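Survey of secondary and tertiary structure
Residues per chain are reported as follows:
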Amino acid sequence: MDIPYSRLKNITLFSVFTQPELQSLAPQIKAFEFQKGLTIIKQNAVAQGIFVIFEGRLRIYSFDFENKETAFAFLNKGDFFGELSVIDQIPSSVNVETVEPSILLLIPSPLAQRLLQNHAAFNQIVLHKLANTLRKSNEKIRMLSAKSMGRVIYFLSAQGNPNLHGEVHGKMLTHEEIANMVNLSRETVSRTITQLQKLGHLRIYYEAEQKMFCIKPMDVEDKRIGQKG
């Protein structure tokens, strides 16, 4: 399928290009439709280039030597992945799978490498993404050192956006999705969310039929409870 170059301008990774540059790039960018549950990048395989999510949602996960699955992140519209293999040509350490029907744009490796080398603004966006990913990895290490309540709070806080009142708002994931990300059972996550709601730290609400969450600021004593719970 073809994506008009004018629609690429609304995507962060392509927003740094001028109109003539986009017109030149558009024919080289491939667009694909994928159904739910399809693996886009396989663990131990080299990515074909940088994928950009035009529509849909994906998840990143891997299997260890005991074939145990570990989830790392969910990707949404506008996010991109595959840049590590483009940079070092080393096979991916994770799987990337669609969790709903999706449209992905592919910047083939040769083109992506040229852009990284010759287009400073494009390079800067990729570097910023890599730095942000590293920070999130550090935050996940911190999260996994906490108990169940602390893990859920850390994770949801990382998924949302803070406002001027110190509250964090974001799209609510399913209990199973949260459980996979924080390495807890779904039952434990459900119980923990109920506890957080009763304590007044978590509010679930709907916005335009989308299930959302709001985490309220916690004082020092509350944070201690989060470490223990």
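My aim in this report is to walk through the structure given alongside it, one point at a time. Given the structure is predicted, the values throughout are model-derived calculations rather than measurements.

**A few points about the overall build of the chain**
- Helix and strand content of the chain: 9 helices and 12 strands.
- On C-alpha atoms alone, the chain measures out to a radius of gyration of 19 Å, which is about the 17 Å that the 2.2 N^0.38 rule sets for 229 residues.
- When its C-alpha atoms are laid out on the principal axes, the chain stretches across 55 × 45 × 30 Å.
- Within the chain, buried positions represent 43% of all 229 residues.
- Look at the contacts in the chain between residues 6 or more apart in sequence, and 68% of them connect residues 24 or more apart.
- Looking at the chain as shown, the accessible area adds up to about 13,100 Å², and 52% of this sits on carbon and sulfur atoms.

**Describing the pattern of salt bridges**
- Evaluated as defined, the whole model comprises 5 salt bridges.
- Note that Glu-177 and Arg-57 form a salt bridge whose closest N and O atoms lie 3.1 Å from each other. Of the two residues, Glu-177 is situated in helix H7 (residues 175-182) and Arg-57 in the loop between strand E3 (49-55) and strand E4 (58-63); the sequence distance between them amounts to 120 residues. Grouping residues by exposure puts Glu-177 and Arg-57 together as buried.
- Between Glu-187 and Arg-186 there is a salt bridge, with its nearest N and O atoms 3.6 Å apart.
- Since its relative accessible area comes to 47%, Glu-187 is described here as partly exposed.

**Section: the packing of helix H5 (residues 120-144) against helix H6 (residues 148-159)**
- Where H5 contacts H6, the axes come no closer than 8 Å and their chain directions differ by 160°. Judged by the angle between their axes, H5 and H6 are roughly antiparallel. Between H5 and H6 the crossing geometry is right-handed. Residues Glu-139, Arg-142, Met-143 and Leu-144 of H5 pack against Arg-151, Tyr-154 and Phe-155 of H6.
- Its residues placed into classes, the contact of H5 with H6 shows 4 nonpolar, no polar and 3 charged.

**Side note on the sheet that holds strand E2 (residues 39-41)**
- As summarised here, the arrangement of the 4 strands in space is E2-E7-E4-E5, forming an open sheet in which the pairing is antiparallel. Whereas interior strands pair on both sides, the edge strands pair on one side only; in this sheet they are E2 and strand E5 (69-75). The average angle at which neighbouring strand axes cross in this sheet is 30°, direction not considered.

**Brief notes about unusual backbone geometry**
- In this model, Asn-183 sits at a positive phi of 60°, which is unusual for a non-glycine residue.
- Among the secondary structure elements, Asn-183 is positioned in the loop between H7 and helix H8 (186-199).
- Positive phi values are uncommon outside glycine, yet Glu-209 reaches one of about 70°.
- For Glu-209, the location among the structural elements is in the loop between strand E11 (202-207) and strand E12 (210-215).
- The class for Glu-209 is exposed, based on a relative accessible area of 79%.

**Quick word on the sheet that holds strand E1 (residues 30-34)**
- Strand order in the open sheet formed by 4 strands is E1-E8-E3-E6, and the pairing between neighbours is antiparallel. Edge positions in the sheet fall to E1 and strand E6 (80-81), since each has one partner strand and no second.
- The pairing of E3 with E6 spans 2 bridges and is antiparallel. In the strand pairing of E6, Val-52 is matched with Phe-80.

Rules used throughout
- Residues numbered from 1 in each chain as written.
- Predicted model: local features only at pLDDT ≥ 70, side-chain atom pairs only at ≥ 80, totals over all residues.
- Heavy atoms only, no water.
- Helix = DSSP H or I, 4+ residues; strand = E, 2+ residues; numbered from the N terminus.
- Rg over C-alpha atoms; globule rule 2.2 N^0.38 Å.
- Buried < 20%, exposed > 50% of the residue type's maximum accessible area, 1.4 Å probe, protein only.
- Contact = heavy atoms within 4.5 Å.
- Areas by Shrake-Rupley, 256 points an atom, 1.4 Å probe, with all protein chains shown as cover.
- Salt bridge = Lys/Arg side-chain N within 4 Å of Asp/Glu carboxyl O.
- Axes fitted to C-alpha atoms, helices over the stretch in contact; angles between N-to-C directions.
- Parallel < 35°, antiparallel > 145°, perpendicular 65-115°, else oblique.
- Left-handed = near helix turned anticlockwise from the far one by under 90°.
- Nonpolar A, V, L, I, M, F, W, Y, C, P; charged D, E, K, R; others polar.
- Pairing = 2+ DSSP bridges.

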